[in-house]
Amino acid sequence: MHIEDTGLSGLKLLTPRRFGDQRGFFAETWNARTFAEIGIDATFVQDNHSLSEKPGTIRGLHFQAPPHAQGKLVRCGRGALFDVAVDIRRGSTTYGRWFGAELSADNGRMLWVPAGFAHGFLTREPGTEIVYKCTDFYAPETEGALRWDGCGIDWRFDGAPILSAKDAEAPTLDHFDSPFEMETTA
């Protein structure tokens, strides 16, 4: 497993090893022991799979607030997307900073998004699928969102994105009262 530093505490860009031949490839995308060794001690309770038909679709920036905050292990099952996480942990030295990476079916990269980050993505290809594991169950009463263009993210996209009404109406970071506190260690 190749691990890349994102500059944001807890957020990790991961590339699992692929073993390929004329049939295709095999990759191990989750192993509790391997992930614990790299500092991700997560128990996943739900898997989600989303299809976006058109390039230029933005979903996010979403989060679930405590007590149902979610960590997410995100990967692209088909197509390509620009995946983004924004640190929304009050007291964090990187509060409001974002990290983005290209995830695709071809490159096999994954993003570990711990609780305390807003998450979203922009599709690059038709029929793009995102697949992600969550550490807590969906709890609609704790859902939150930040506006896609309200955090200073360079989406590397020109044009008008395809958005849901909820995402288009979400608050900007400067009008947001985060429910997350940066965890401190004694």
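Read on for a plain summary of the structure. (Residues numbered from 1 in each chain as written. Predicted model: local features only at pLDDT ≥ 70, side-chain atom pairs only at ≥ 80, totals over all residues. Heavy atoms only, no water.)

1. Concerning the side chain of N48
On the secondary structure map, N48 appears in strand β5 (residues 46-52). Polar contacts involving the side chain of N48 include one to the side chain of Q46, which spans 3.0 Å. (Helix = DSSP H or I, 4+ residues; strand = E, 2+ residues; numbered from the N terminus. Polar contact = N/O pair within 3.5 Å; in protein donor to acceptor, adjacent residues only side chain to side chain.)

2. Quick notes on the side chain of Q70
Within the secondary structure, Q70 sits in the loop between β6 (58-64) and β7 (72-78). For Q70, a relative accessible area of 11% puts it in the buried group. At 2.8 Å, the side chain of Q70 forms a polar contact with the backbone oxygen of D136. Contact partners of Q70, with chain neighbours within four places excluded, come to Q64, V113, P114, A115, C134, T135, D136, F137 and Y138. (Buried < 20%, exposed > 50% of the residue type's maximum accessible area, 1.4 Å probe, protein only. Contact = heavy atoms within 4.5 Å.)

3. Re the environment of I162
Assignment of secondary structure puts I162 in the loop between β14 (143-145) and α2 (165-168). The class of I162 is partly exposed, set by a relative accessible area of 39%. Each residue touching I162, except ones within four places of it in the same chain, is listed here: K54, P55, G56, T57 and I58.

4. With respect to the sheet that holds strand β8 (residues 80-87)
The antiparallel open sheet is built from five strands, whose spatial order is β10-β8-β12-β6-β14. At either margin of the open sheet sits one strand with a lone partner, and together these are β10 (98-104) and β14. Averaged over all neighbouring strand pairs, the angle between strand axes comes to 25°, with direction disregarded. Of the pairings in the sheet, the one linking β8 to strand β12 (residues 117-123) comprises seven bridges and is antiparallel in character. Within the sheet, the bridge partner assigned to L81 lies in β12 and is T123. (Pairing = 2+ DSSP bridges. Axes fitted to C-alpha atoms, helices over the stretch in contact; angles between N-to-C directions.)

5. A word on the nonpolar core
Of all hydrophobic cores here, the largest spans 19 residues; its most connected members are L61, V86, I88, L146 and W155. Looking at this core, the elements that each hand over two or more residues are β6, β8 and β12. If near-sequence neighbours (up to four positions away) are discounted, V86 is found in contact with L61, G96, R97, W98, G116, F117, A118, C151 and I153. Counting residues in hydrophobic clusters, the runner-up holds 17 residues, among them A85, F99, L111 and Y132. (Core = buried A, V, L, I, M, F, W, Y, C linked by side-chain atoms within 4.5 Å.)

6. Topic: the sheet that holds strand β1 (residues 2-5)
If you trace the six strands from one edge of the open sheet to the other, you get β1-β2-β11-β7-β13-β5, paired in antiparallel fashion. Each having just a single partner strand, β1 and β5 make up the two edges of the open sheet. Taken over all neighbouring pairs, the strand axes of this sheet differ in orientation by 25° on average, direction set aside. Bridge count between β1 and strand β2 (residues 12-15): four bridges; the pairing is antiparallel. Considered in β2, the bridge of H2 is made with T15.

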